[in-house]
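Chains, contacts and geometry: an overview
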Amino acid sequence: MKTFKTIAALAVAAALPLSVAVAPANAAATTITYGLWDSNQLPGYQQCANDFHKANPNITVKITQAGWDDYWKKVNAGFLSGQGFDVFTSHLAFFPDFVTNKQILPLDSYIKKDKVAVNSLYQPGLASLWKAPDGHQYGLPKDFDTIAVFANKKMTDDAGISAATLANLTWNPTDGGTYEKTIAHLTIDKNGVRGDEKGFDKNNVAVYGIWMEGSGGGDGQTQWSFLAASNGWKVNDGPWNTNYHYDSPKLAATIKWWAGLVDKGYMPSFAKQNGVGWPDQLAAGKVAMATNGSWMTGYVFGLKNAKFEPILAPTPVGPTGKRASMYNGLADNISAKTKHPAEAWQWVKYLGSAACQDVIASKAVVFPAIPSSTAKAVKAFTAKGIDVDAFYTHIKNKTTFLFPIANKKSQINTIINPVMDAIMSGTKDVSALKTANDQITALFK
Amino acid sequence: MSVQMVTKRKKRKSDFLVAVPFMIPALVGLVVFVLIPGIRGVILSFSEYNVFTGEVKFNGFANYIRMFQDVHFANSFMVTMEYVLINIGFQTVIALFIAVLLHRFTKSHVVKGIVLLPYLISNVIVAMIWYWLLDYNLGFVNAIIDSLGMQKITFFSEQLAMPTIAMINVWRHMGYTALLIFAGLQAIPKDVYEAAAIDGGSEWRIFRSVTLPLLRPVLAFVLVITVVGSFQIFDTIAVTTKGGPVIATDVYSIWISREAWGNNDFGYASAISVFLMILLSVIAFAQTKLLSANQSDLDR
Amino acid sequence: MARKEKEAAESEFLAQSTGAKIFGWVSLTIICLITIFPIYWMLRTGLSTTRLLFEDPSSLLPSHFTTGGFQRVLGLASLDQAIAEGGSGASVNFGQAFLNSVVLATGITVFQTAFSAAAAYAFSVLQWKGRDKVFFVFIVALTVPGIFLLIPNFLLIRDLGLMNTLLGIALPQILMSPFAIFFLRQFFLGTNLSIVEAALIDGAGHSKIFWRIVIPLAMPQIVTLGILQFIGSWNDYLWPFYVGSGDPSSTVLTVALGVFKSQTPQGSPDWAGLMAGALIAAIPMVLLMIFFGRRIVGSIQASGVK
């Protein structure tokens with residue numbers, strides 16, 4: 001009996017120091033917290049925070065970086081605990097939920113008061129991405145990304161494919177155009193026979209022409225969206241629109257062609273590509289090309305080694321006579337739980353201004369949303385030896401289409417993702433897309 | 001003073017009053033951190049709950065009806081059972097084998113340490129390493145298979161993903177389970193083995209007729225623990241296949257997590273959790289009864 | 001018993017036939033190899049340059065040998081060094097995170113084991129009506145999915161004002177573990193209770209019996225349980241992440257090492273840093289096992305009462 005009372009008392013005594021909270025900061029100065037996930041962007045934003053503090057001495061910005069998975073856990077836990085980020089880098093995939101759950105603050109009154117030219121300051125279309133159906137603007141665009149082909153220059157040189165050829169590929173769903181020819185030529189089997197040569201053994205491929213990075217689910221942002229769009233396909237009739245077109249023959253033809261690359265041996269099967277990601281496969285010399293987004297540029301170019309020399313090429317020109325690329329824009333949101341909305345707005349405004357975006361541009365990691373800053377970023381990449389025209393061409397030629405934002409995205413994904421996976425693993429054919437589209441349409445009835 | 005062996009235990013008066021202070025900390029922990037949130041969760045399973053806005057809309061059995069009609073319900077059951085059977089099957093047999101080896105063949109601490117090493121590494125890291133080692137293109141295992149002239153194996157294909165995940169966890173837990181069983185083997189009095197040795201008998205015979213029966217309470221315990229834990233597998237899949245390919249590894253906890261966090265439907269996630277809880281309780285109860293875990297064969 | 005005599009007695013206990021011995025050693029060797037290989041792989045990767053890791057992904061030797069990974073984990077690498085190797089540039093406050101983990105894991109292990117042993121005693125040695133039914137409720141607690149309890153407990157810790165504190169992280173587990181109670185109860189049931197009977201007849205109270213007789217008797221099992229619980233708490237990630245990652249004073253090692261995980265959905269983790277971190281994090285547990293390892297073997301139970 002007595003021993004237990006002693007133990008209990010000891011436990012409480014030992015526990016007390018563990019629960020002492022940190023003393024509150026000086027009341028005159030405010031500290032706000034900011035979150036982001038990409039550690040490559042941390043130095044740039046840290047500099048922005050330092051510059052911001054010089055301009056606004058009573059506001060300190062404390063930046064926390066957490067990798068993608070952990071980052072969103074932190075954001076959501078922060079809403080629940082009330083101790084999360086005041087401002088955080090947001091993403092269109094989660095934006096609709098944040099609006100529905102009233103987790104973020106609308107910025108209209110601040111924008112009006114401070115006369116921020118949100119509709120003309122940034123690359124066209126980006127600001128509209130962050131305007132919710134309720135009519136409120138929730139973010140100022142900070143950067144954007146497009147899609148291009150990442151290739152191994154050592155392999156294209158060996159195959160006799162010039163940079164000029166690579167920069168002018170064409171595609172159609174019937175015979176694949178020069179895009180397929182290039183992929184085939186870059187595929188090499190165990191005996192050294194290329195994919196377009198006689199005697200090619202599609203069951204024993206040593207180097208694949210192109211990588212499948214999973215099925216892409218309902219968006220196929222980096223996998224097939226640029227092909228489908230260059231074929232004239234649109235997923236729905238505009239941002240937040242609920243009229244879906246997964247049943248379109250244009251999409252079916254695109255996916256059928258793409259899945260066909262597996263049968264021909266140019267692309268690894270769904271089962272075979274499950275595992276270590278495409279950048280590492282490129283670095284290891286297992287594949288010659290992979291399509292992906294501009295945010296991966298720094299990482300992929302950093303993987304340069306004895307076998308792998310990275311090079312970029314624009315997405316192919318399709319049946320519409322034009323190229324296409326999905327166009328996604330990030331923005332920063334203010335948490336509805338913040339205790340310092342005014343200071344948080346000042347930081348968001350700064351992030352959305354040329355002062356900060358120029359700093360980000362100079363680090364050559366992402367493309368900032370303000371056109372003059374974008375140009376500076378292109379210069380910074382070039383100075384690093386990376387020709388990013390493959391990404392920038394879509395801005396110059398206006399061949400972008402917006403990242404699909406929708407309500408009930410999670411439920412839509414639950415329907416379409418397994419279907420796309422099944423089609424790419426060969427257990428279903430493209431007719432399954434029609435059934436999926438019906439189910440998605442039913443969600444909005 | 002020597003004590004006479006009594007064949008029947010004398011009936012003592014109830015130790016209840018003595019038992020209470022022994023149980024209080026544990027009971028407080030149980031009630032505050034398990035029962036109350038558990039009951040709250042059960043109540044939420046009968047409603048639509050948005051954890052961010054705090055809105056709770058009572059909707060009766062709607063979540064449960066939806067769950068039974070959901071294609072993931074049958075699928076989760078199948079793939080989770082597949083995982084549990086392969087995992088527990090291999091893990092228990094191998095662990096038992098290792099424990100007996102440790103008990104009868106070597107007293108080396110080094111071996112005990114080596115065998116426990118996998119458990120010291122967090123399961124997320126273990127998953128990531130094996131995901132790489134078993135990769136079709138870049139993994140060491142397939143590189144060896146290929147160099148031996150055999151066909152490479154797609155360990156994470158739709159058919160093999162779940163068995164592969166099960167074996168990864170066998171690798172991680174076999175030493176830990178072996179240690180638990182070993183602790184139980186320690187408790188078997190030496191003279192029982194001496195008697196068996198005098199009677200003459202092979203190792204296998206001794207194992208079957210002496211060790212195994214006396215190990216029953218511990219084995220029962222190990223099986224209940226590992227089966228219940230196995231059903232809740234989450235981290236390994238979350239870090240590798242994430243429920244795929246297609247829905248081949250969409251076990252209960254992955255589905256629950258997706259409904260809770262992905263779809264922000266905590267009410268529905270709670271309903272699935274309640275079902276899982278009931279399922280596990282039934283299984284645990286059945287196991288305990290079948291293996292007569294409450295008794296000991298050691299009649300002294 | 002003197003140590004020499006004890007070891008002699010134990011070696012008599014081992015199997016004698018040659019055939020069985022060979023089988024035993026071959027099996028052990030295979031098992032050890034399978035167990036060690038992935039851990040060797042971790043070492044090999046931890047000593048590699050992350051950026052060049054996939055140049056030769058199946059090589060048994062480190063790729064472009066470097067101790068950079070270990071430096072990043074210990075917070076000794078500069079940002080430029082880290083970026084040059086393709087590693088994470090994020091900073092790890094290793095010393096503090098390590099200390100936090102030690103305090104947390106030790107605290108949970110000591111108290112949880114003590115409280116659970118007490119409860120196990122009540123469910124096995126003591127006899128009272130409804131004993132097995134109350135015990136079964138604890139078994140049911142085992143079946144409650146962790147995800148089910150995560151949010152309610154998170155909100156409870158928040159309401160208690162214990163967010164971002166080590167106590168907040170420890171609280172749900174420090175009072176009991178159904179696993180520990182179950183384990184010890186099974187063990188207690190299997191023990192020779194005539195000693196307890198004798199003590200009771202001699203007039204000893206249960207408190208004394210618990211501390212002076214039963215606990216020492218069960219020491220190997222309790223130590224085993226303690227080590228397993230320590231390992232579990234040490235490696236725990238999700239709950240300490242949710243409750244403690246907001247402040248350095250409550251960030252544990254597993255959470256702090258999370259900076260080496262991949263930054264973007266398509267990116268790779270900082271493999272060298274991650275592996276180095278995992279290996280360093282395993283060291284305290286290895287030390288624990290070396291230190292307490294002898295106690296796991298323990299005394300073989302007395303075969304009778306004199």
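About the criteria used
Within each chain, residues carry numbers counting from 1 in the order of the written sequence. Whichever chain is written first becomes A and whichever ligand is written first becomes 1, with later ones labelled in order. Only residues with pLDDT of at least 70 are given local features in this predicted model, and only at 80 or more are side-chain atom pairs given and counted; all residues enter the totals for whole chains, interfaces and linings. Working from all heavy atoms in the structure, the side-chain values ignore hydrogens and water. Only DSSP runs of H or I reaching four residues or more are called helices, and only runs of E reaching two or more are called strands; each is numbered from the N terminus. Multiply 1.5 Å by the residue count of a helix minus one, and that product is the helix's expected span. Partly exposed residues are those whose accessible area sits between 20% and 50% of the maximum for their type, while under 20% is buried and over 50% is exposed, using a 1.4 Å probe and protein chains only. We call two residues in contact when some of their heavy atoms are within 4.5 Å. A simple way to read buried area is as the amount of 1.4 Å-probe accessible surface that goes missing from two parts once joined, with both sides added. Only one rule defines a salt bridge in this text: a Lys or Arg side-chain nitrogen within 4 Å of an Asp or Glu carboxyl oxygen. Think of a polar contact as two N or O atoms within 3.5 Å of one another; within protein, one of them needs to be a possible hydrogen donor and the other a possible acceptor, and neighboring residues in sequence only count if both atoms come from side chains. By the convention adopted, Pro, Cys, Tyr, Trp, Phe, Met, Ile, Leu, Val and Ala count as nonpolar, Lys, Arg, Asp and Glu as charged, and the other residues, Gly among them, as polar. Comment: axis = line fitted to C-alpha atoms, over the contacting stretch for helices; angle = value between 0 and 180 degrees taken between N-to-C directions. To qualify as a nonpolar core, a set must consist of buried Ala, Val, Leu, Ile, Met, Phe, Trp, Tyr and Cys residues joined through side-chain atoms within 4.5 Å. Any Phe, Tyr or Trp ring, taking Trp's six-membered ring, that has another such ring centre within 6.5 Å forms a pair; planes under 30 degrees apart are called stacked, those over 60 apart edge-to-face, and the others tilted. Counting as a charge over the ring demands two things of the Lys NZ or Arg CZ atom: a distance within 6 Å of the ring centre and an angle within 35 degrees of the ring normal. Whether two strands pair comes down to DSSP finding at least two bridges between them. For the domains described, the bounds stem from an automatic or database domain assignment. Lys and Arg are tallied as positive, Asp and Glu as negative. Neither His nor the chain termini are counted. What the bend at a residue measures is the angle between two axes, fitted to the seven residues ending there and to the seven starting there. A clockwise path from the first strand over the helix to the second, with the strands pointing away from the viewer, defines a right-handed crossover. Here, patches come from residues exposed beyond 30% relative accessible area and free of salt bridges, joined within 9 Å for like charges and within 5 Å for nonpolar side chains (Val, Leu, Ile, Met, Phe, Trp, Tyr). Accessible surface is estimated by sampling points in the Shrake-Rupley manner with a 1.4 Å probe; for residues, cover comes only from the protein chains shown.

Residues spaced three or four apart along an α-helix point in a common direction, a consequence of the helix completing one turn every 3.6 residues. Look at helix H12 (residues 219-235) of chain C: 24 Å from first C-alpha to last across 17 residues, which is about the 24 Å you get at 1.5 Å a residue. Counted residue by residue, H12 of chain C has 15 buried out of 17 residues, so it is predominantly covered.

Each side of the interface is counted separately: chain A has 41 residues, and chain C has 39 residues. Taken over both partners, the interface formed by chain A and chain C buries close to 3,400 Å², and the fraction arising from carbon and sulfur atoms is 63%. A salt bridge links Asp70 of chain A to Lys261 of chain C, with the shortest nitrogen-to-oxygen separation between them at 3.7 Å. Counting across the interface, chain A meets chain C through nine residue pairs in polar contact (both at pLDDT 80 or more). Within the residue set of the side of chain A that touches chain C, elements represented by two or more residues are helix H1 (2-15), helix H3 (68-81), helix H13 (278-283) and helix H14 (297-302) of chain A. Take the side of chain A that touches chain C: its biggest share by element is seven residues, from H3 of chain A. A class-by-class count of the residues in the side of chain A that touches chain C yields 22 nonpolar, 11 polar and eight charged.

Now for unusual backbone geometry. Cis geometry is adopted by the peptide bond preceding Pro245 of chain B, which originates at Gly244 of chain B and carries an omega value of -10 degrees. Phi at Lys102 of chain A is positive, roughly 55 degrees, even though this residue is not glycine. With respect to the helices and strands, Lys102 of chain A occurs in the loop between helix H4 (95-100) and helix H5 (108-113). The exposure class of Lys102 of chain A is exposed, given its relative accessible area of 58%. Positive phi outside glycine occurs at Lys408 of chain A, with the angle close to 60 degrees. Counting through the fold element by element, Lys408 of chain A comes out in the loop between strand S12 (400-402) and helix H19 (409-424). On the basis of relative accessible area, Lys408 of chain A is assigned to the partly exposed category, the value being 36%.

Attention shifts here to the packing of helix H3 (residues 71-104) of chain B against helix H12 (residues 252-262) of chain B. Residues and elements named next belong to chain B. Interaxial distance between H3 and H12 falls to 8 Å at its minimum, and their mutual angle equals 145 degrees. Of H12, the residues touching H3 (which contributes His72, Phe73, Ser76, Phe77 and Thr80) are Tyr252, Trp255 and Arg258. Split into classes, the residues belonging to the contact of H3 with H12 amount to four nonpolar, three polar and one charged.

You'll often see interface size given as the accessible area lost when the parts meet. Contacts between chain B and chain C engage 99 residues on the former and 106 residues on the latter. With both sides pooled, the region where chain B packs onto chain C buries about 9,700 Å², and carbon together with sulfur makes up 78% of that total. In terms of surface lost to chain C, no three residues of chain B exceed Phe22, Phe33 and Trp132 of chain B, which account for 9% of the buried area on that side. Taken together, the connections running from chain B to chain C amount to zero salt bridges. Here chain B is connected to chain C by eight residue pairs in polar contact (both at pLDDT 80 or more). The greatest single-element share of the side of chain B that touches chain C, amounting to 19 residues, is contributed by helix H1 (residues 16-44) of chain B. Among the residues making up the side of chain B that touches chain C, the classes are represented as 66 nonpolar, 19 polar and 14 charged.

This part takes up the nonpolar core. Counting residues in each nonpolar core, the largest one holds 349 residues, and the members touching the most others are Phe95, Tyr179 and Trp347 of chain A. Excluding residues that lie within four positions of it along the chain, Phe95 of chain A makes contacts with Ile104, Leu129, Trp130, Lys131, Ala132, Tyr138, Trp240, Asn333 and Ile405 of chain A.

With that out of the way, let us pick up the packing of aromatic side chains. On inspection of all chains with the given rule, the structure shows 76 aromatic pairs over all chains. Here the aromatic rings of Tyr110 of chain A and Trp345 of chain A are separated by 5.4 Å at their centres, their planes lie at 20 degrees, and the arrangement is stacked. Residue Tyr110 of chain A is found in helix H5, and its partner Trp345 of chain A is found in helix H15 (residues 341-351); the two are separated by 235 residues along the sequence. Since its relative accessible area comes to 1%, Trp345 of chain A is described here as buried. The ring of Tyr268 of chain B has Arg66 of chain B sitting right over it, with the charged end atom 3.7 Å from the ring centre. A cation over a ring is seen here: Arg185 of chain C above Phe135 of chain C, with NZ or CZ 3.9 Å from the ring centre.

Here the focus is the sheet that holds strand S6 (residues 188-189) of chain A. Residue and element names in this part refer to chain A. Spatial ordering of the open sheet is given by S6-S7-S8-S5-S9, a layout of five strands whose pairing is mixed. A single partner strand is all that each edge strand has here, and the edge strands are S6 and strand S9 (310-313). Strand direction decides the pairing type here: strand S5 (residues 147-152) and S9, joined by four bridges, are antiparallel. Paired with Phe150 across the strands is Leu312, a residue of S9. Against the sheet, helix H18 (residues 389-396) makes contact with S5, strand S8 (287-293) and S9, and its axis sits at roughly 160 degrees relative to S5, the strand it touches most.

What follows deals with the pattern of salt bridges. Residue and element names in this part refer to chain C. Summed over the entire model, instances satisfying the criterion amount to 21 salt bridges over all chains. Between Arg72 and Glu85 there is a salt bridge; the shortest N-O distance is 2.9 Å. Of this pair, Arg72 sits in helix H3 (residues 68-73) while Glu85 sits in the loop between helix H4 (79-84) and helix H5 (94-124); the two residues are 13 residues apart in sequence, bridging distant segments of the chain. Judged by relative accessible area, which is 4%, Arg72 ranks as buried. When its relative accessible area of 17% is taken as the criterion, Glu85 is described as buried.

Moving on, we get to the domain arrangement of chain A. All names here are of chain A. Split by domain assignment, chain A resolves into domain 1 (2-144 + 329-386) and domain 2 (147-326 + 405-443). Between domain 1 and domain 2, the residue contacts involve 13 residues of the former and eight residues of the latter. Note on domain 1 versus domain 2: buried area summed over both sides is about 940 Å², and carbon and sulfur give 71% of it. Considering only the side of domain 1, the residues that lose the most area to domain 2 are Pro96, Pro133 and Ile386, jointly responsible for 42% of the buried surface there. Here domain 1 and domain 2 share zero salt bridges between them. Summed over the shared surface of domain 1 and domain 2, the result is one residue pair in polar contact (both at pLDDT 80 or more). Residues belonging to the side of domain 1 that touches domain 2 are distributed by class as follows: 11 nonpolar, one polar and one charged.

Let us now look at the side chain of Asp38 of chain A. Positionally, Asp38 of chain A belongs in the loop between strand S1 (30-36) and helix H2 (42-55). An unpaired buried charge is present at Asp38 of chain A: no salt bridge exists, and Lys142 of chain A, the closest side chain of opposite charge, is 9.7 Å distant. Dropping the residues within four chain positions of it, Asp38 of chain A is found in contact with Gln65 and Val365 of chain A together with Gln263 and Thr264 of chain C.

Moving on, we get to the environment of Thr60 of chain A. Residues and elements named next belong to chain A. If you trace the backbone, Thr60 turns up in strand S2 (residues 59-65). Given a relative accessible area of 32%, Thr60 falls into the partly exposed group. With 339 residues separating them along the chain, Thr60 and Thr399 place their C-alpha atoms 40 Å apart. With residues up to four places along the chain from it excluded, the contact list for Thr60 reads Thr30, Thr31, Ile32 and His53.

So, about helix H7 (residues 161-186) of chain B. All names here are of chain B. A rise of 1.5 Å per residue sets the reference length of H7, with its 26 residues, at 38 Å; its end C-alpha atoms lie 37 Å apart and thus fit the reference within 8%. By the largest-angle criterion, His173 marks the main kink of H7, which is about 45 degrees. Burial of H7 is extensive: 24 of the 26 residues sit out of reach of the surface.

Now for the pairing of S1 of chain A. All names here are of chain A. Of all the seven residues making up S1, five are buried; the element is thus mostly covered by neighbouring parts of the structure. Sheet topology places S1 next to S2; seven bridges connect them, and they run parallel. Within the sheet, the bridge partner assigned to Tyr34 lies in S2 and is Ile63. Note that the unit made of S1, H2 and S2 has a crossover that is right-handed.

Taken domain by domain, chain C comprises domain 1 (2-66) and domain 2 (94-263). Each of domain 1 of chain C and domain 2 of chain C has a C-alpha centre, and these two points are 31 Å apart.

On the surface, a cluster of nonpolar side chains totalling about 700 Å² of accessible area is made up of Ile24, Val28, Val31, Val32, Leu35, Ile36, Ile39 and Ile43 of chain B together with Val137 of chain C. Ranked by residue count, the leading element in the nonpolar patch is H1 of chain B, at eight residues. Within the secondary structure layout, Leu35 of chain B lies in helix H1. Note on Leu35 of chain B: relative accessible area 32%, which makes it partly exposed.

A separate point is the pairing of S8 of chain A. All names here are of chain A. Taken across its seven residues, S8 has seven buried, putting it largely inside the fold. As judged from the five bridges shared by S5 and S8, these two strands associate in the antiparallel manner. Bridged to Phe150 within S8 is Ala290. Where strand S7 (residues 205-210) meets S8, two bridges bridge the pair, whose relative direction is parallel. Opposite Tyr208, over in S8, you have Val287 as the bridge partner.

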